[in-house]
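Here is what each chain is made of, one letter per residue.
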Amino acid sequence: MSETELAAWPPAPIKTERLVLRASEARDRAAFVELFSSPEVGTYIGGAQPREQLDRAMPEVPGRRFGVFVVELDGAMIGMITLDPRDAERPGHVRPDAGEAELGYMFLPQAWGRGYAAEAGAAALGWFSDARPGEPVVLSTQIANGASLRVATKLGFTEVERFEEYGAEQWFGVWSPLPPTA
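Below you will find a few notes about this structure.

Parameters at a glance
Residues numbered from 1 in each chain as written. Predicted model: local features only at pLDDT ≥ 70, side-chain atom pairs only at ≥ 80, totals over all residues. Heavy atoms only, no water. Helix = DSSP H or I, 4+ residues; strand = E, 2+ residues; numbered from the N terminus. Rg over C-alpha atoms; globule rule 2.2 N^0.38 Å. Buried < 20%, exposed > 50% of the residue type's maximum accessible area, 1.4 Å probe, protein only. Contact = heavy atoms within 4.5 Å. Expected span 1.5 Å × (residues − 1). Salt bridge = Lys/Arg side-chain N within 4 Å of Asp/Glu carboxyl O.

## Observations regarding the overall build of the chain
- In terms of regular secondary structure, the chain is built from 5 helices and 8 strands.
- Computed over its C-alpha atoms, the radius of gyration of the chain comes to 16 Å, within 12% of the 16 Å expected for a compact globule of 182 residues.
- Considered along the principal axes of its C-alpha atoms, the chain spans approximately 50 × 40 × 30 Å.
- Looking at the chain as a whole, 49% of its 182 residues qualify as buried.
- Taking contacts inside the chain between residues at least 6 apart in sequence as the whole, the part at least 24 apart equals 65%.

## With respect to helix 4 (residues 116-131)
- For helix 4, with 16 residues, the first-to-last C-alpha span of 22 Å sits near the 22 Å given by 1.5 Å per residue.
- Within helix 4, 12 of the 16 residues are buried, leaving the element largely enclosed by the surrounding structure.

## Thoughts on the pattern of salt bridges
- What the rule picks out here adds up to 16 salt bridges.
- Among the salt bridges present, the one from Arg-22 reaches Asp-28, with a minimum N-O distance of 2.7 Å. Note on accessibility: Arg-22 and Asp-28 belong to one class, buried.
- As a salt-bridge pair, Glu-102 and Arg-90 come within 3.3 Å of each other at their nearest N and O atoms. Remark: Arg-90 occurs in the loop between strand 4 (76-85) and strand 5 (101-107) and Glu-102 occurs in strand 5; sequence separation between them is 12 residues. Side by side, Glu-102 and Arg-90 carry an identical accessibility label, which is buried.
- Through salt bridges with shared partners, a single network forms among Arg-22, Glu-25, Arg-27, Asp-28 and Glu-72.

## Some thoughts on the environment of Ala-152
- Locating Ala-152 in the fold gives a position in helix 5 (residues 146-154).
- Assessed through its relative accessible area of 0%, Ala-152 is described here as buried.
- Along the primary structure Ala-152 and Gly-46 are separated by 106 residues, whereas in three dimensions their C-alpha atoms are 20 Å apart.
- In contact with Ala-152, other than residues within four places in its own chain, are Tyr-105, Leu-139, Phe-157 and Trp-171.

Structure (structure tokens):
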């Protein structure tokens, strides 16, 4: 999946019942710093990054790249959803040529436990399904991250395999949109 293979980026904002998925803006910078410096968020992704380092290195408009959706609630960023090509060198693929789209999600701790990740993830998957009909999406998360596994299950991902990566057991699943009905 390359940027040119998908619809124009960024798409128009996507609205759900409670959320808006949109491109990053300068006003999101503080939330990005908070997200990446949070010890709670960093638990299963290699740890938090030092806030001072992020403050110095974070661009004025962070996350302004293909495949990154800011998740907004009541006008403020609460997290992000990503759809990135899965690196061919990593374990876990469902296509022989690799390059599948991989769904990722990170939310600020105060947004946890309210169903936002599943709501935003479903909206992103719906957008992807319209942009690339019939294409699978993969997801990988640590087995120890029960909350992420629950989100993956709610979104309809099914387990394909488990493997060791980053010093921990990983769960690898695939989401396949339903084929269009005639």
